[in-house]
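Results of the structural survey
One letter stands for each residue in the lines below.
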Amino acid sequence: MSHDGVGLRAVMRSAAFLTAGVLAVPLLSACSADDEGDRPAAAQDIAPASRDQVADGGTLRWAVDAVPETLNAFQADADAATSRVAGAVLPSMYRLDANGRPQINPAYLESAKVVGTEPKQVVLYKLNQQAVWSDGREIGAADFAAQWRALSGKDSAYWTARNAGYDRIEKIERGKNNLEVRVTFARPYADWKSLFSPLYPKSVMGTADSFNDGARRKLKVSAGPFAVKKVDVKGGQVQLTRNPRWWGSPTKLSEIDLVAVARDKRATALAADELDMAEIDPADAERITAARGRSGPLKGASATGTQSPGAGRDKGEKDDSGEKTGKSKDEKARDDGKSKSKSESDSDSDESSDGDEKDTSGAEGSKAKAADQQAALSAFVVRKSLEPAYTQLALNGSEGPLADERVRRAVARALDRKELAKVVLKPLGLPAEPVGSHLALIGQAAYSDNSGALGGQDTAEARALLADAGWVPGGPVTEQKKTEKAAGSKGKKADTDDSPGDDGTYIVGEDNKPSEADRDLRKDPKDHTGAHERTSAQSGIQADEQQAGKQYAKQGGAQGAYAPKGTAAPAGAASGALAKDGKPLTLRFVLPSGQGSESLRAVADRIAQMLQRIGIRTDISKVSDASYFKDHIASGQYDLALYSWPGSAYPATDARPIYSKPVPAADGSLSVEQNYTRVGTDQVDQLFDQALSTLDEGEERSLVRKADARIWAAAGSIPLYQRPQLTAVRTGLANAGAFGFQTPVYEDMGFLKKGAHPVASPSKTG
């Protein structure tokens, strides 16, 4: 799992905290929403090829973080690997296109539409007459009804993770024939297209026992281009093989093996010929780019007709010499490993007789091994796009200084989001545009840059907001005992895996020493962070919202988004920390400490420097990846944190739990659902409810944009940038790589024929 975030909205929306676990901009008034959301910020990079250019057969070895705990995508422990399996082996009524918009999946549906709204909403599905389960039974109303009952939330015996949408259904019945399914809703549901994707057979959904345990390690019945052959927990892989009853375009690959490999081990696994495709971190992407003799920002690479030895061969196929090997790639890799182990053992025996030679030969051996590995990486290309997920700065508004909206807004207005996006995306050659919405990404229908509801980077305005909240420079500070905290959230001691002597915590702004990020800023003569002229403060929210977007450009602004007129920025705020009631303004910034989170820590350093300029100190605590989410984010033990949310084609459904107002639970605790910032308003909740209940798509988009503007104004979370998606792909592998928004088309993936080249777009022929 990667601590930048998880992206799982084939099934559910869950937070992605960078190790690898939970998803893809101009000023609000600059252009209309329709102009902004027409295409994604970065195109997908999958080396598209027509099917007749792709060879039949071959095994694709695709890295996942872990063997999934369950194959039931509606259970709480489902993960990204669960979604990948479901996408290959189960029906989905709708799939996402390259712009992140739902489209009918013709393999399963001829049509689906709302056929009635009064007295109740009725949706009629007309199924593809060829669609059958792998046991030969037709896909039909009984499967839809079983899934509805399991996910409706009415029977607690089903251990479901969510029931959004299914709880609004009143009944499901057969239509005029077996190919028609009529779904009647008790309450209108705008996001009805999100339902039944994936669709499980009634044998899984029919009873609580089969739902809870029947599809965790096996899936006997499926209806996709592939079927589950084996879940090998000990061996660390899931094997998917061709579904002999598949009625669509024949699968090009014979098999897909989902192989569990940790992110920090993937470069080694790629070089050892144990993988054909893997999402990787920037450091490994640079290694592959260098191995191919390239330099500078990462260049997107397309497949060529040249395949490395063995690429795309079935197990036991002939090698280049014409001899049948009788061994799979994995077996050969294991044999190579054994040979290397024996060689290393012999080398160790020889070296033990001569200490001087041991040092020399050991160094030479390491260099030779590294050189061999680097050479092996030249068989891969890096395909890159923007992941359908964005990284945000979360501000915990439940207690401490950030419980004051003025302080949260001051933090937000101190940030140069464009500069923060550049830190992560510019070195990768990807568009470095800040994300302008919490609820949609560029290219999606609901996208609109609503950041104007809060305002852009403005150091003077940020200082004025802090002054209005009572935080002044040079105020009296009561000397604190070591066990006391500065003004900020209560926090556990940093659980760090840093080196001995480093407790994982340091304070930016406590002295005049620049951090590593600040030194970088000073080195760059083109960097004007903190020196921007004041941007327009005339956009805000008016009481009578006539339309989404343009109303925020009127003079006046959102209440509290700007300091009261006449509030002066305190002199010298940038040169000294602010204080109030005897305590300095210090915010606890919690970050993961593990590998793969380097970019988050670089962004955090920049943020700390930006906050220092307005007089806010940051107490940076690096904690272990294992404790980052559970012990800090979910429990509220932080002031500032960085993590990601996946984008969704159904924001009214999926985003509501993330931004709804926390409410007191029966036991007196605060029920936050997935709103880990603890910041919410009644109006945002009302807008979500209205968006969910309208069947007018234009009205739904307008309501979602209004909700987003209100979320911006509350300043509980600040979207920063869309996450990069970097995928190492074996040369010659087509229709696979950095998919961006689009749902993978598993049946089209495969290895190019000799001499074949990718084309502009995949063909449906072949």
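Conventions adopted
- Residues numbered from 1 in each chain as written.
- Predicted model: local features only at pLDDT ≥ 70, side-chain atom pairs only at ≥ 80, totals over all residues.
- Heavy atoms only, no water.
- Pairing = 2+ DSSP bridges.
- Helix = DSSP H or I, 4+ residues; strand = E, 2+ residues; numbered from the N terminus.
- Core = buried A, V, L, I, M, F, W, Y, C linked by side-chain atoms within 4.5 Å.
- Buried < 20%, exposed > 50% of the residue type's maximum accessible area, 1.4 Å probe, protein only.
- Contact = heavy atoms within 4.5 Å.
- Phe/Tyr/Trp six-rings, centres within 6.5 Å; stacked < 30°, edge-to-face > 60°.
- Lys NZ or Arg CZ within 6 Å of the ring centre and 35° of its normal.
- Salt bridge = Lys/Arg side-chain N within 4 Å of Asp/Glu carboxyl O.

Some details on the sheet that holds strand E15 (residues 578-580)
Pairing in this open sheet of 3 strands is antiparallel, and the strands run E13-E15-E16 from one edge to the other. The two strands at the open ends of the sheet, each matched to only one other strand, are strand E13 (472-473) and strand E16 (583-584). Sheet topology note: the E15/E16 ladder contains 2 bridges and is antiparallel. Counted as the bridge partner of Lys-580 is Lys-583 from E16.

Here's the deal with the pairing of strand E8 (residues 226-232)
The pairing of E8 with strand E9 (residues 237-242) spans 6 bridges and is antiparallel. What sits directly across from Lys-230, in E9, is Gln-239. A loop of 4 residues connects E8 with E9, the two strands running antiparallel in sequence, and Gly-236 in this loop sits at a positive phi of about 75°.

What about the nonpolar core?
With 108 residues, the main nonpolar core has Tyr-125, Phe-196 and Leu-240 as its most contacted residues. With 7 residues, the top contributor of residues to this core is helix H3 (residues 141-151). The residues contacting Leu-240, other than those within four sequence positions of it, are Val-85, Ala-88, Val-89, Phe-226, Ala-227, Val-228, Lys-229, Ser-254, Glu-255, Ile-256, Asp-257 and Leu-258. Counting residues in hydrophobic clusters, the runner-up holds 65 residues, among them Ala-63, Leu-428, Ala-453 and Leu-578.

A few points about the packing of aromatic side chains
Under the criterion given, the structure shown has 19 aromatic pairs. On the numbers, 5.4 Å between centres and 50° between planes, the contact of Tyr-125 with Phe-144 is tilted. Here Phe-144 lies in helix H3 and Tyr-125 lies in strand E5 (residues 122-127), a separation of 19 residues in the sequence. Of the two residues, Tyr-125 and Phe-144, both sit in the buried class. Pairwise contacts between aromatic rings join Phe-74, Tyr-94, Tyr-125, Phe-144, Tyr-166, Trp-192, Phe-196 and Tyr-200 into one cluster. In this structure, Arg-84 is placed above the aromatic ring of Trp-62, and the distance from its NZ or CZ to the ring centre is 4.1 Å.

Section: the pattern of salt bridges
Going through the model one piece at a time under the given rule, you end up with 26 salt bridges. With a closest N to O distance of 2.8 Å, Asp-748 and Arg-51 form a salt bridge. Remark: Arg-51 occurs in the loop between helix H1 (33-36) and strand E1 (59-64) and Asp-748 occurs in the loop between strand E23 (733-734) and strand E24 (750-751); sequence separation between them is 697 residues. We classify Asp-748 as buried; its relative accessible area is 6%. Judged by relative accessible area, which is 2%, Arg-51 ranks as buried. Across the pair Lys-193 and Glu-697 runs a salt bridge, and its minimum N-O distance is 3.5 Å. One end of the pair, Lys-193, is in the loop between strand E7 (180-185) and helix H4 (202-205); the other, Glu-697, is in helix H19 (residues 697-714), and 504 residues separate them in sequence. Classification of Lys-193 as partly exposed rests on a relative accessible area of 22%. A relative accessible area of 47% means that Glu-697 is categorised as partly exposed.

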